[in-house]
Amino acid sequence: NFFVMTSIEVKVRLELSLFIKRVVQAMPQPQAFSILGDCASSLCLLTLLHMEEYTALLKAANLITIKKKTFGGHIFETSKDVWNDFLQFHGLWEWDQMGIAESTKAKIKIQSLKKLSPGKPNDPKRGWVHLIRIGKCKAGETVTPSLQFNDGVVLPDI
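About the cut-offs
Residues numbered from 1 in each chain as written. Predicted model: local features only at pLDDT ≥ 70, side-chain atom pairs only at ≥ 80, totals over all residues. Heavy atoms only, no water. Pairing = 2+ DSSP bridges. Helix = DSSP H or I, 4+ residues; strand = E, 2+ residues; numbered from the N terminus. Axes fitted to C-alpha atoms, helices over the stretch in contact; angles between N-to-C directions. Contact = heavy atoms within 4.5 Å. pLDDT = per-residue confidence, 0-100. Core = buried A, V, L, I, M, F, W, Y, C linked by side-chain atoms within 4.5 Å. Buried < 20%, exposed > 50% of the residue type's maximum accessible area, 1.4 Å probe, protein only.

### Section: the sheet that holds strand 1 (residues 31-34)
Part 1 of the reasoning: Judged by pairing direction, the sheet is antiparallel, and its three strands sit side by side in the order 1-5-4 without closing on themselves. Because the sheet does not close on itself, it has two edges, and the strands there are strand 1 and strand 4 (101-109). Here the average twist between neighbouring strands, direction ignored, is 40 degrees.
Part 2 of the reasoning: Where strand 1 meets strand 5 (residues 126-134), four bridges bridge the pair, whose relative direction is antiparallel. The residue of strand 5 that forms the bridge with Gln31 is Ile134.
Part 3 of the reasoning: Each of strand 4 and strand 5 touches helix 4 (residues 80-89); the most contacted strand, strand 4, lies at about 150 degrees to it.

Laid out in structure tokens, this is it:
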């Protein structure tokens with residue numbers, strides 16, 4: 001896919017790719033992060049940006065699309081192909097190797113993405129979520145995002 005990027009898009013994508021490379025150096029093991037949202041396991045929280053700033057960054061990098069809802073509000077969408085093209089372009093992911101980052105979709109408990117009040121009942125609903133795996137897997141090792149999110153695997157403190 002050949003497309004023309006604006007200079008801002010190029011700069012933001014470069015900075016985001018450099019950020020991912022620095023995170024890899026600080027993480028003891030690979031982890032999956034939600035691309036959208038600001039839950040404890042989100043890329044937004046990892047960047048330490050406010051949700052509005054993070055969304056603007058992804059929009060400037062053309063890594064999300066924003067659509068208006070009929071009755072107000074917005075829908076934020078991501079594309080696995082767009083993210084993998086971005087990761088591949090910056091040498092973070094390769095078709096024949098695992099690389100240090102990978103875009104994937106997994107069916108996980110929606111509750112694991114929400115900030116819950118103490119004592120809130122367990123909700124078993126699951127949905128497809130776009131995730132990014134950050135960190136180099138060892139030979140034969142895989143990161144299973146559904147286990148991480150559904151079983152409450154604790155993220156490393158980086």
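### Focus: the confidence of the model for the chain
Part 1 of the reasoning: On average, residues of the chain score 81 in pLDDT, and 73% of them reach the 70 mark or higher.
Part 2 of the reasoning: When the elements of the chain are averaged for pLDDT, helix 5 (residues 145-150) gives the smallest value, 65, and helix 3 (residues 51-60) the largest, 94.

### Side note on the pairing of strand 3 (residues 74-77)
Part 1 of the reasoning: Bridge count between strand 2 (residues 65-68) and strand 3: four bridges; the pairing is antiparallel. Considered in strand 3, the bridge of Thr65 is made with Glu77.
Part 2 of the reasoning: Counting the residues that bridge the hairpin from strand 2 to strand 3 gives five residues, and of these Gly72 lies at a positive phi of roughly 100 degrees.

### Remarks on the nonpolar core
Part 1 of the reasoning: Judged by nonpolar contacts, the single largest core of 25 residues is most densely connected at Ile20, Leu43, Trp83, Ile132 and Ile134.
Part 2 of the reasoning: Among the elements of the structure, helix 1 (7-26), helix 2 (43-47), helix 3, helix 4 and strand 5 are those that each provide at least two residues to this core.
Part 3 of the reasoning: Looking at which element gives the most residues to this core, the answer is helix 1, with six residues.

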